[in-house]
2 protein chains.
Amino acid sequence: MKSNQERITIDGIDKEILRHLMEDARKPILEIGRKLGISGAAVHQRLRKLESSGLITGSKFVINPKVLGYSTMAFIGIYLDKAMRNPEAVKQLREIPEVLECHYTTGNWSILIKLLCRDNEHLMQLLNTQIQAIEGVSRTETFISLNQQIDRQIGL
Amino acid sequence: MKSNQERITIDGIDKEILRHLMEDARKPILEIGRKLGISGAAVHQRLRKLESSGLITGSKFVINPKVLGYSTMAFIGIYLDKAMRNPEAVKQLREIPEVLECHYTTGNWSILIKLLCRDNEHLMQLLNTQIQAIEGVSRTETFISLNQQIDRQIGL
DNA sequence: GAAAACTCCGAAAATACGTCGGCTTGTACA
DNA sequence: TGTACAAGCCGACGTATTTTCGGAGTTTTC
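Residues numbered from 1 in each chain as written. Chains lettered and ligands numbered in written order. Predicted model: local features only at pLDDT ≥ 70, side-chain atom pairs only at ≥ 80, totals over all residues. Heavy atoms only, no water.

### Details of the relation of the copies chain B and chain A
Mapping chain B onto chain A is achieved by rotating through 180 degrees and translating by 0.0 Å along the same axis, at an RMSD of 0.2 Å. Both chain copies can therefore be described as sitting about a two-fold axis. (Least-squares fit on C-alpha atoms with pLDDT ≥ 70 in both.)

Structure, rendered in structure tokens:
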């Protein structure tokens, strides 16, 4: 996929197309065209333009982690004894599949991660045997998400 | 979409199908079938089983916020003067389109939100005019993500 | 005002989707 | 051992979608 990253102008029709596909990536292009009152070919051409502009980075199936037994989400702030250790720490965090996000942040911590685990016991085990074991990690602070009340992409 | 939520067994072929679609929701079923050495019909039947089991919750187009000028991600811990105020606060947070996630968490804060804004100035403006303005918010702590180094779904 | 650039449409070809009956395999049970 | 049942796959089929193409209308550029 090429991303020319050229300046692009997105009009209302583009937004409408994207709004449909952001909700359901498999919605037929023809159906979107019918809904907007333009031909399927036009929708297709606009999508190609949007893709080549780099605005669309891909599409994903979303799976429900609870069905897999993953129901505990947590955020962990990580203190590193030297900020320099960041690249190596991230490399090791990447090996932990439960780590979904990893941010290099301002503030007290060096790193903030979001992770998804089965239950509190699983979380504790990850902390003790995986995360605290990473070289350079001096301390962590854990925040368990009791309930995720909003989860969405940036709007158009 | 029905979700029987029945117990389900996911074998290696199911995982392989999901792995493909989690990366690219528009990948043709037939192509996946060819890659796995089974017919398109079989892939289709498996997908129907996975859908009705509730494992698949949908599909999304992923857009690149940077192309839209959104390049600053931040996490904000919010203190509420009374935890009771949570539902009303969340309702108001939902009205702020830059708020992508909102978690009711253990720990110091009542709420942890993730938000995406254009730049630091935009962030400051959101804090001052939108978030601090919510009734019940007594204090906030902001962590700016200088770099998101991991971003993924739970693995199979 | 001509040329270039956009954007759309309709049609056609290639491809994919979704369903069906039938085949094979494995299991349960008498 | 034999039968019945369920699960999973296949090929084929009709329908629907994708993708491409040329052409036409409109706007922008110079």
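### Focus: the protein's contact with DNA strand D
A:I29, A:L30, B:R26, B:S39 and B:R46 are the nearest of the 16 residues found near DNA strand D. Here the atoms of DNA strand D within 4 Å of the protein split so that 69% fall in sugar or phosphate, with bases taking the remainder. Here a phosphate oxygen of DNA strand D and a backbone polar atom of A:L30 are 3.2 Å apart. The separation between a phosphate oxygen of DNA strand D and a polar side-chain atom of B:R46 is 2.5 Å. Within the residue set of the surface near DNA strand D, elements represented by two or more residues are α2 (29-36) and α3 (40-52) of chain A together with α3 (40-52) of chain B. Taken together, the residues of the surface near DNA strand D break down into seven nonpolar, five polar and four charged. (Near = heavy atom within 4 Å. Polar contact = N/O pair within 3.5 Å; in protein donor to acceptor, adjacent residues only side chain to side chain. Helix = DSSP H or I, 4+ residues; strand = E, 2+ residues; numbered from the N terminus. Nonpolar A, V, L, I, M, F, W, Y, C, P; charged D, E, K, R; others polar.)

### A short note on the domain arrangement of chain A
Partitioning chain A into domains gives domain 1 (12-52) and domain 2 (65-145). Taking only C-alpha atoms, the centre of domain 1 of chain A and the centre of domain 2 of chain A are 38 Å apart. (Domains from an automatic or database assignment.)

### Points about the pairing of strand β4 (residues 111-117) of chain B
All names here are of chain B. Burial analysis of β4 places seven of its seven residues in the buried class, which makes it a mostly covered element. Alternating residues of β4 divide into I111, I113, L115 and C117 and L112, K114 and L116, and every residue in both groups is buried. Across seven bridges, the pairing between strand β2 (residues 72-80) and β4 is antiparallel. Along β4, the bridge assignment pairs I76 with I113. With five bridges joining them, strand β3 (residues 99-105) and β4 adopt antiparallel strand pairing. Bridge pairing in β4 links Y104 to I111. A loop of five residues connects β3 with β4, the two strands running antiparallel in sequence, and G107 in this loop sits at a positive phi of about 100 degrees. (Buried < 20%, exposed > 50% of the residue type's maximum accessible area, 1.4 Å probe, protein only. Pairing = 2+ DSSP bridges.)

### Remarks on the pattern of salt bridges
Scanning all chains against the criterion turns up 16 salt bridges over all chains. For A:E16, the salt bridge goes to A:R19, with nearest N and O atoms at 3.4 Å. Note that A:E16 and A:R19 are positioned in helix α1 (residues 12-23) at a spacing of three residues, about one turn of the helix. When its relative accessible area of 36% is taken as the criterion, A:R19 is described as partly exposed. Between B:K114 and B:E101 there is a salt bridge; the shortest N-O distance is 3.1 Å. Highlighted residues: B:K114 in strand β4 and B:E101 in strand β3, separated in sequence by 13 residues. Across the pair, exposure class does not vary: B:K114 and B:E101 are buried alike. One continuous salt-bridge network, built from bridges that share partners, spans A:D11, A:D14, A:R46 and A:K49. (Salt bridge = Lys/Arg side-chain N within 4 Å of Asp/Glu carboxyl O.)

### So, the protein's contact with DNA strand C
A:S39, A:R46, B:I29, B:L30 and B:H44 are the nearest of the 16 residues found near DNA strand C. The sugar and phosphate moieties of DNA strand C supply 68% of its atoms located within 4 Å of the protein. Sorting the residues of the surface near DNA strand C by element identifies α3 of chain A together with α2 (29-36) and α3 of chain B as the ones contributing at least two each. Here the surface near DNA strand C is built from residues that sort into seven nonpolar, five polar and four charged.

### A look at the packing of aromatic side chains
Inspection of the entire model under this criterion finds six aromatic pairs over all chains. Consider the rings of A:W109 and B:F143, whose centres lie 4.5 Å apart with planes at 10 degrees: the pair is stacked. Of the two residues, A:W109 is situated in the loop between β3 (99-105) and β4 (111-117) and B:F143 in strand β5 (residues 137-151); the pairing between them involves two chains. In this pair, the class of A:W109 matches that of B:F143, namely buried. The residue whose ring lies beneath A:R139 is A:Y79, and the NZ or CZ to ring-centre distance is 4.3 Å. (Phe/Tyr/Trp six-rings, centres within 6.5 Å; stacked < 30°, edge-to-face > 60°. Lys NZ or Arg CZ within 6 Å of the ring centre and 35° of its normal.)

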